[in-house]
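In case you want the letters, here they are:
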Amino acid sequence: MVTEPPDIRSIGIIGAGQMGNGIAHVCALAGLPVIMVDVKPEALTRALATMGRNMDRQVSRTLITADQRDEALARVSTATDLTALSDADLVIEAATENEDVKRAIFKELVPHLKPSAMLASNTSSISITRLGATTDRPEKFIGMHFMNPVPVMKLVEIIRGIATDEPTFQAVKALAHRLGKVSAVAEDFPAFIVNRILVPMINEAVFALYEGVGSVSAIDDAMKLGANHPMGPLELADFIGLDTCLSIMHVLYEGLADSKYRPCPLLVKYVEAGWYGRKTGRGFYDYTQTPPRPTR
């Protein structure tokens, strides 16, 4: 017996940061009502302002019309309490890349959901099977890893946990298509596809800096001009967030028990200093200056 995938008519999003507001942006433009929840009211205010600016940019580039922008923004509502998600067909968690934080959110969320509601995590590295097992509906739990910045990047990694059922998988795959994204289906191994390949490359670039193979500028210029990368690996690390890069390396190192995934001590040192990259104003570059100046 083939079960039809459930219809997704409304979306809940947990987390109003860079990823959360980007996911809300594309869902609202695709015609879906969105409720964005964050414990900090100021984060929600910032997210709405960011969404408005990003949609204005799309209007100026004639990617969308002013009417489409206005209609999309009108579809987004905000709340500071998870009870607001009681009627959502799919809730996408886009909180910080920390398993304990995510587990705590799901534990608090689950009692407020309707029985048919599906759950997705935007995690970039953590086991979907393990996260799903903390809920009352592992069969309706899936990984939906968007790329940053969400309105621009075409890819969504879709990751099935061991318990994820076929209707949930098909429903989320259809949603990705509706959002104008291309989906890559990944098995539930640490860091999936993109970050399994990308973040060790960044870590290797940090090792090259640590060992004095080249300066920040030399390493980034070499990869931009020698490998045709649009952004150098250290510049990209600052864009992603050095704390996020480090947490993904920890997931790879602990999950695969292979020494090639050992985080570079210099990456650890930058994170200990609170130098996370663009979001803190300093990482491998100092963003308080224009143009940003290398910090090593």
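Residues numbered from 1 in each chain as written. Predicted model: local features only at pLDDT ≥ 70, side-chain atom pairs only at ≥ 80, totals over all residues. Heavy atoms only, no water.

Put simply, the rule reads: UniProt positions are given in the numbering used here, feature names are shortened, and annotations may be inferred rather than shown by experiment.
Under the annotation held in an unreviewed UniProt entry, the chain carries the name 3-hydroxybutyryl-CoA dehydrogenase and is attributed to Rhodopila globiformis. Taken from UniProt, the Sequence similarities (unreviewed entry) comment for the chain reads in full: "Belongs to the 3-hydroxyacyl-CoA dehydrogenase family."

Looking at the environment of leucine 113
The test is simple: Working definition: helices are DSSP H or I runs of at least four residues, strands are E runs of at least two. Numbering for both runs from the N terminus. Residue contacts are counted whenever heavy atoms from the two residues lie within 4.5 Å of one another.
With respect to the helices, strands and loops of the structure, leucine 113 is situated in the loop between α4 (99-109) and β5 (118-121). Excluding anything up to four places from it in sequence, leucine 113 contacts Leu85, Ser86, Val91, Leu119 and Arg137.

Quick notes on the environment of leucine 252
As for its placement among the helices and strands, leucine 252 is situated in helix α10 (residues 242-256). Taking the C-alpha atoms as reference points, leucine 252 and isoleucine 202, separated by 50 residues in sequence, lie 13 Å from one another.

Observations regarding unusual backbone geometry
Of note, the bond from asparagine 148 into proline 149 is cis; its omega dihedral lies within 30 degrees of zero at 0°. Within the secondary structure, proline 149 sits in the loop between β6 (141-146) and β7 (155-160). The omega angle of the peptide bond from threonine 290 to proline 291 is -10°, so this bond is cis rather than trans. Structurally, proline 291 can be placed in the loop between β9 (285-286) and β10 (293-294).

What about the domain arrangement of the chain?
Note the following rule: The domain limits used here are those given by an automatic or database domain assignment. Values labelled buried area give the accessible surface lost by two parts on being combined, using a 1.4 Å probe and summing over both. Each reported salt bridge corresponds to a side-chain nitrogen of Lys or Arg within 4 Å of a carboxyl oxygen of Asp or Glu. Polar contacts, as counted here, are pairs of nitrogen or oxygen atoms within 3.5 Å of one another; within protein the pair requires one atom able to donate a hydrogen and one able to accept it, and residues that are adjacent in sequence qualify only if both atoms are side-chain atoms. Following the grouping adopted for this structure description, the nonpolar residues are Ala, Val, Leu, Ile, Met, Phe, Trp, Tyr, Cys and Pro, the charged ones are Asp, Glu, Lys and Arg, and the polar ones are all others, Gly among them.
Along its sequence, the chain is carved into domain 1 (11-187) and domain 2 (195-294). In this structure, domain 1 and domain 2 have C-alpha centres spaced 27 Å apart. At the junction of the two partners, domain 1 supplies seven residues and domain 2 supplies five residues. Looking at the side of domain 1 facing domain 2, the largest losses of area belong to Glu97, Ser124 and Ser125, adding up to 58% of the total buried there. In this assembly, domain 1 and domain 2 are joined by zero salt bridges. Applying the counting criterion to the domain 1 and domain 2 interface returns one residue pair in polar contact (both at pLDDT 80 or more). Residues that form the side of domain 1 that touches domain 2 fall into these classes: two nonpolar, four polar and one charged.

What about the sheet that holds strand β8 (residues 182-186)?
Operational definition: Whether two strands pair depends on DSSP finding at least two bridges between them. Here, axes are lines fitted to C-alpha atoms. For helices the fit covers the stretch in contact, and angles between N-to-C directions go from 0 to 180 degrees.
If you trace the eight strands from one edge of the open sheet to the other, you get β3-β2-β1-β4-β5-β6-β7-β8, paired in mixed fashion. Each edge of the sheet is formed by a strand with only one pairing partner; in this case those strands are β3 (76-79) and β8. Ignoring which end each strand starts from, the neighbouring axes of this sheet average 25° apart. The pairing of β5 with β6 spans three bridges and is parallel. Within β6, the position partnered with alanine 120 by the bridge is isoleucine 142. Packed onto the sheet, α4 meets β1 (11-14), β4 (90-93), β5 and β6 and runs at close to 165° relative to β5.

Let's talk about the packing of helix α7 (residues 194-210) against α10
Packed helices, taken two at a time, are described by the angle their axes make and the gap between the axes. To keep it simple, the criterion reads: Here roughly perpendicular refers to angles of 65 to 115 degrees, roughly parallel to angles under 35, roughly antiparallel to angles over 145, and oblique to all remaining angles. Helix crossings are classified by the rotation of the near helix relative to the far one: an anticlockwise turn of less than a right angle makes the crossing left-handed, while a clockwise turn makes it right-handed.
Across the interface, α7 lies against α10 with an axial gap of 10 Å and an inter-helix angle of 110°. Judged by the angle between their axes, α7 and α10 are roughly perpendicular. In this structure, α7 crosses over α10, and the sense of that crossing is left-handed. In this structure, α7 uses Asn195, Arg196, Val199, Pro200, Ile202 and Asn203 to contact α10, whose residues at the interface are Cys245, Ile248, Met249, Leu252 and Leu256. Residue composition of the contact of α7 with α10, by class: eight nonpolar, two polar and one charged.

Observations concerning the pattern of salt bridges
Evaluation of the coordinates by the stated rule reveals 16 salt bridges. A salt bridge links glutamate 99 to arginine 130, with the nearest nitrogen and oxygen atoms 2.8 Å apart. Remark: arginine 130 occurs in helix α5 (residues 128-133) and glutamate 99 occurs in helix α4; sequence separation between them is 31 residues. Between arginine 160 and glutamate 166 there is a salt bridge whose closest N-O contact spans 3.0 Å. If you follow the salt bridges from partner to partner, you end up with Asp56, Arg69 and Asp70 in one network.

Notes on the UniProt feature "domain: 3-hydroxyacyl-CoA dehydrogenase C-terminal" (unreviewed entry) in the chain
Within this numbering scheme, the UniProt entry marks residues 192-287 as carrying the feature "domain: 3-hydroxyacyl-CoA dehydrogenase C-terminal" (unreviewed entry). Structurally, residues 192-287 comprises 61% helix and 2% strand, and the distance from its first C-alpha atom to its last is 31 Å.

What about the side chain of aspartate 38?
Worth spelling out the cut-off: For the exposure calls, accessible area comes from a 1.4 Å probe over protein chains only, and a residue counts as buried if that area is under 20% of its type's maximum, exposed if over 50%, partly exposed in between. When charges are tallied, Lys and Arg are placed among the positive residues and Asp and Glu among the negative ones, while His and the ends of the chain are skipped.
Here aspartate 38 shows up in the loop between β2 (34-37) and α2 (41-60). Buried and without a salt bridge, aspartate 38 has lysine 40 as its closest oppositely charged side chain, separated by 6.1 Å.

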